[in-house]
Each structure stands twice: as structure tokens, then as C-alpha cells.
Amino acid sequence: MLARHRMDPRSAVGATGWELAGSRRDLSVPALEAPPRPPQDLTRRVGPAPHLLPRSLSYSQAENLLGCRQKWTYRTGLGIRPASVASVPSGNQMIGTLVHAVVEELVTARAGRGGVPSQAEITEMLDRLVPQLASELLLPGREVELTTMRETAVRSLVEFFARLSEAGLVITEVESRFEEPLRLHLERGEVEVPFTGSRDVLAEDAEGRPTVIDLKWTSAAKKYPELFDAGEALQLASYAWSLDDPRTDVGYFLLKQGEFVSANPALDPHGRPTLDIARAWGTTVSGITEALDAIGEGTVSARSGQILRDAGQDLGTPRTDAKKTYAAAQETARAEGGIVVDARCDFCDFSLLCGLRGDAS
Ligand code: SF4
């Protein structure tokens, strides 16, 4: 019955327009237009925006200001956020959260008892926390991944606690939050911003000298040693600054590799240089200051994307090639006393807004 009333919509279009059941509309074919080419210069120039100041600064915000001023402006200055479902931790981020929690729980459970957790205790704690913090690894088909992660994490944490103990370091705090006033001398005047963060692990030697250890679950095994050796471990410098103790030592522990990155030979046998904390923190603060001055004047660059763009690369460029481009830019910047922070355009939510992804409208 209904089939008798059906018609092909194309038959309603005639030479001069569209007509159906007595209704008529003119139709015209728009001229073909090529999609606009992605801009070569990603910098946005807008009116002065002196109100765009951080209410507080975390290290990751500072890293965005150093790496890409547009990323900070979109995310923090203007408060643009991806949908919350898009930020559920997964992959390395999820496992990193899990292993951090294992360390925190183990240290808290042993408080006052001394000694180091055994392999059995580490395994038990990990198994206890997987359902809360990494439940997707319990899904059918993920058994190999779970087993591999479990073996790697347990082996790594056994090494972590044993090395610290052999080095004469006792963990005194885990996940210790801090908030310290940071004075910034901006062109528009001096401002004070609370600098906030959380030190993963704080340990002390017999003389009470502090060591801050940042835990990283990462596949990028070379990234943190390179940052450390180049004196660009800015995150560690920020944690040391927060303690305001000139005796503070710092280091990373790479959870996936089970290795420390540190100038302390008892933790890391590679003979690394001591991180010049004052210099690294000075670089961080001057980078933040320059970025906020430029944003306040209305010039908002997108340096990480611009480095790719200037090299004729984009988000489709294989990461190994993009890394080489950043390494070259870092070398150039270092020679001039500057620094390049890779803001990871490949994981950024704002690549359409900054123009690196092109105009997909
Ligand atoms: S994609 Fe890259 S250049 Fe664009 S906003 Fe994000 S970090 Fe900045």
C-alpha cells in the first residue's frame, strides 16, 4: 500500500528547482570550493587579555605554558575541556595510576614498621587494587596484558624498594600534596600564584637530607634520562623548589623499566650529572612569565605545533620522525640558552582549534 506513494527523491528535482506535491523551491548548485589550507602560522593574535591569569599553577599547567601557550589558553585560561568520558584513564596512564597507588598503600601499610615490602606483599597489593583502578585488564582477552603488567610491576617495585633501602634512603611521605606561593614579575605587575603539586615519593637519608622521586610508567625509556642529563628535568626542579631545602636531591624511577634516573650512584650507576635545580627552576619561572606576558598582550603562539609545521610535518607524521624534529629544535634552543618542551600535539584535544589539524568543517 505504502509502496504506491513512494518516489525516488531525485525525480523531484527538475531543471529549475525542486517540486513536490505542489510545493516548489529554487535550487542552485554552489560553486566548488577547495577546503581552506591549514594555516602556516599557528600563532593567534587577538586583543589584550590581561585577565587570562592562572588562579593556581600545577606543574602540568606550567609545562603547557612552556610547550604551547594555546594549549594552556584553551584548557586553563578559557576552561575548554573534552567530555569527561574522553578522559577516563586507560593504557599507560591507567597502569601508572595503579602502580602509584600500590606504592602509596604499601608505604602507608608499613608506616612505623621499617623494612621493605616483600615480593608477596607487593603482588597481593597489586592484585587487590587492579579491580578498582585497572578493571579493564580483567576483561576476557586481556589476560596476557594483565600477566605482563603484573610481572613487570612487581619486579620493578621489588627493585625500587630494595635500591632505596640499600642507598640508605627511608621513605617518609608518598603522594604528599603541596601548595607554595610563586611570585611572578609580569609586565603588568607582580602577581602571586599558588603553585600546587604532589610529590610521588619523599625519602630521607640518615642525616635527614631529602630526596624526591617521581614515578613514571612510560614506554619512552630514553625521554627522562635525556631530560635529566640535559638539566631539563623541570618537574623534578619544581618539586625540589617546593621543599625549600638546598640539600634536596631528585630523581625519577621508571616503573616499566625498573630503573632509577638519578645523580646518586647508589640509585643509578650511569654517573649522571647533578641536576642544577636553581637553574632548571629559573628556566621554568622565566618561561611561565614570558608566556603569561605574551598571552596578556594577545599574542598566543602554538610552539609545539609550529615546530612540526615549520618542518613540513603534521599530526600524520610518524612519531619517530616528529621526535627527531623536536630533538633538533631542542638542540638549537639549548645552544641559545633556551628550552623546547614537547607539548605532545598527538595527544592534544585542541589540534582543530589551533589549526594544526586543518579545518575539518
Ligand atoms: S595540537 Fe599542539 S600546537 Fe595545537 S594546541 Fe595542542 S599542543 Fe598546541
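Quantities reported herein were computed from a predicted structural model and do not represent experimental measurements.

Trainee: Sorry, what's going on with the packing of aromatic side chains here?
Mentor: In this description, an aromatic ring pair is defined by two values, namely the gap between the centres and the angle between the planes. Inspection of the entire model under this criterion finds eleven aromatic pairs. Measuring from centroid to centroid gives 6.0 Å for Phe178 and Tyr239, while their planes differ by 80°, and the two rings are edge-to-face. Of the two residues, Phe178 sits in strand 5 (residues 170-186) while Tyr239 sits in helix 7 (residues 234-243), which places them 61 residues apart along the sequence. What makes Tyr239 buried here is its relative accessible area of 6%. Between Phe253 and Phe260, the ring centres sit 4.6 Å apart and the planes meet at 55°, which makes this aromatic pair tilted. Accessibility assignment for this pair places Phe253 and Phe260 in one class, buried.

Trainee: Quick question: what am I supposed to make of empty space enclosed by the protein here?
Mentor: To locate leftover empty space, one rolls a probe as large as a water molecule over the atoms. Inspection of the entire model under this criterion finds one cavity of 30 Å³ or more. The calculated volume of the largest cavity comes to roughly 100 Å³. Together, 14 residues line the largest cavity, and Cys68, Lys71, Cys345, Cys348 and Cys354 are the ones closest to its centre. Of all elements in the fold, only helix 2 (69-77), helix 9 (303-310) and helix 11 (351-354) reach the threshold of two or more residues within the lining of the largest cavity. For the lining of the largest cavity, the class distribution of residues is eight nonpolar, four polar and two charged.

Trainee: I tried to follow the pattern of salt bridges on my own but got confused; where do I start?
Mentor: This model, assessed by the stated rule, comprises 22 salt bridges. For Glu192, the salt bridge identified is with Arg183, shortest N-O distance 2.4 Å. You can call Glu192 partly exposed: its relative accessible area is 48%. When the shortest N-O distance is used, the salt bridge between Asp245 and Arg247 registers 3.0 Å. Assessed through its relative accessible area of 42%, Arg247 is described here as partly exposed. A single salt-bridge network, built from bridges that share partners, covers Glu19, Arg24 and Asp26.

Trainee: I'm lost on the domain arrangement of the protein chain in this one. Help?
Mentor: Note on interface size: it is often stated as the accessible area lost on association of the parts. On domain assignment, one finds that the protein chain holds domain 1 (50-65 + 169-290) and domain 2 (89-166). A buried area of about 1700 Å², summed over both sides, lies between domain 1 and domain 2, and 71% of it is on carbon and sulfur atoms. For the pair domain 1 and domain 2, the interface holds seven residue pairs in polar contact (both at pLDDT 80 or more). At three residues, the largest contribution of residues to the side of domain 1 that touches domain 2 is made by strand 5. Class assignment for the residues of the side of domain 1 that touches domain 2 results in 14 nonpolar, three polar and four charged.

Reading the values: the criteria
Residues numbered from 1 in each chain as written. Predicted model: local features only at pLDDT ≥ 70, side-chain atom pairs only at ≥ 80, totals over all residues. Heavy atoms only, no water. Phe/Tyr/Trp six-rings, centres within 6.5 Å; stacked < 30°, edge-to-face > 60°. Helix = DSSP H or I, 4+ residues; strand = E, 2+ residues; numbered from the N terminus. Buried < 20%, exposed > 50% of the residue type's maximum accessible area, 1.4 Å probe, protein only. 1 Å grid on protein atoms, 1.4 Å probe; cavity = no way out; pocket = protein on both sides within 12 Å on 5 of 7 lines; lining within 4 Å. Points joined across faces, edges and corners; volume = space filled by probe spheres on them. Nonpolar A, V, L, I, M, F, W, Y, C, P; charged D, E, K, R; others polar. Salt bridge = Lys/Arg side-chain N within 4 Å of Asp/Glu carboxyl O. Domains from an automatic or database assignment. Buried area = accessible area lost by both parts, 1.4 Å probe. Polar contact = N/O pair within 3.5 Å; in protein donor to acceptor, adjacent residues only side chain to side chain.

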